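Chains, contacts and geometry: an overview
Spelled out from the first residue to the last, the chains are:
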Amino acid sequence: MDLNAKPADRMAELPVKTREFLAQLREEDIDMLNAGLKLVVATMTVANERQSAR
């Protein structure tokens, strides 16, 4: 995927199944996914810190 391409051109390079999934997302869904990703990153950070402390 060309990361320098315009967003619409990058979308065209995605697999059909991925484009269909993204097309059905509502704004609330995107907000929830972003929040969920932040939660996963925070959880992984805590887990890694615990591993390092051992």
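Computed from a predicted structure; not experimentally measured. Along every chain, residues carry numbers that run from 1 in the direction the sequence is written. With pLDDT at 70 or above as the cut-off, local features in this predicted model cover only qualifying residues; side-chain atom pairs require 80 or more to be listed or tallied, and sums for whole chains, interfaces and linings still use all residues. Only hydrogens and water are set aside; all other atoms, that is, all heavy atoms of the structure, feed into the side-chain values.

Attention now moves to the overall build of the chain. For the chain, the count of helices and strands is three helices and zero strands. Strands are runs of DSSP state E lasting at least two residues, helices are runs of H or I lasting at least four, and both sets are numbered from the N terminus onward. Secondary structure of the chain in N-to-C order comes out as α-α-α. For the chain, whose C-alpha radius of gyration is 16 Å, the value lies well above the compact-globule estimate of 10 Å for 54 residues. Overall, the chain is about 45 × 25 × 20 Å in size when its C-alpha atoms are taken along their principal axes. Accessible areas in this description were obtained via Shrake-Rupley with a 1.4 Å probe; residue shielding takes into account the shown protein chains only. A total accessible area of about 5100 Å² is found for the chain, and carbon and sulfur atoms account for 60% of it. The positive count covers Lys and Arg only, the negative count covers Asp and Glu only, and His and the chain ends enter neither. For this purpose, a charge sits on NZ of Lys, CZ of Arg, CG of Asp or CD of Glu. Once the 8 positive and 9 negative side-chain charges of the chain are each reduced to a mean point, those two points are 7 Å apart. With the radius of gyration taken over C-alpha atoms, the globule rule is written as 2.2 Å times the number of residues to the power 0.38.

Let us now look at a nonpolar patch on the surface. The grouping of Met-11, Phe-21, Leu-22 and Leu-33 at the surface amounts to a nonpolar patch, some 340 Å² of accessible area in total. Structurally, the position occupied by Phe-21 is in helix H2 (residues 16-23). Patch membership needs two things, relative accessible area over 30% and no salt bridge, and members are linked within 9 Å if like-charged or within 5 Å if nonpolar (Val, Leu, Ile, Met, Phe, Trp, Tyr). Any carboxyl oxygen of Asp or Glu that lies within 4 Å of a side-chain nitrogen of Lys or Arg is treated as forming a salt bridge with it.

Time to look at the pattern of salt bridges. Tallied over the full model, the rule gives two salt bridges. Across the pair Arg-26 and Glu-28 runs a salt bridge, and its minimum N-O distance is 3.6 Å. For Asp-29, the salt bridge goes to Arg-26, with nearest N and O atoms at 3.0 Å. Between buried and exposed lies partly exposed: a residue is buried under 20% and exposed over 50% of the maximum accessible area for its type, with that area taken using a 1.4 Å probe on protein chains only. Take Asp-29: its relative accessible area is 18%, and that puts it in the buried class. Here the salt bridges share partners, and the residues they tie into one network are Arg-26, Glu-28 and Asp-29.

Along the chain, the position of Thr-45 falls in helix H3 (residues 27-53). Classification of Thr-45 by relative accessible area gives partly exposed; the value is 37%.

A few words now on the confidence of the model for the chain. Put simply, the chain has an average pLDDT of 90, and 98% of its residues get 70 or more. Scored from 0 to 100, pLDDT records how confident the predictor is in each individual residue. The least confident element of the chain, judged by mean pLDDT, is helix H1 (residues 7-13) at 85; the most confident is H2 at 95.

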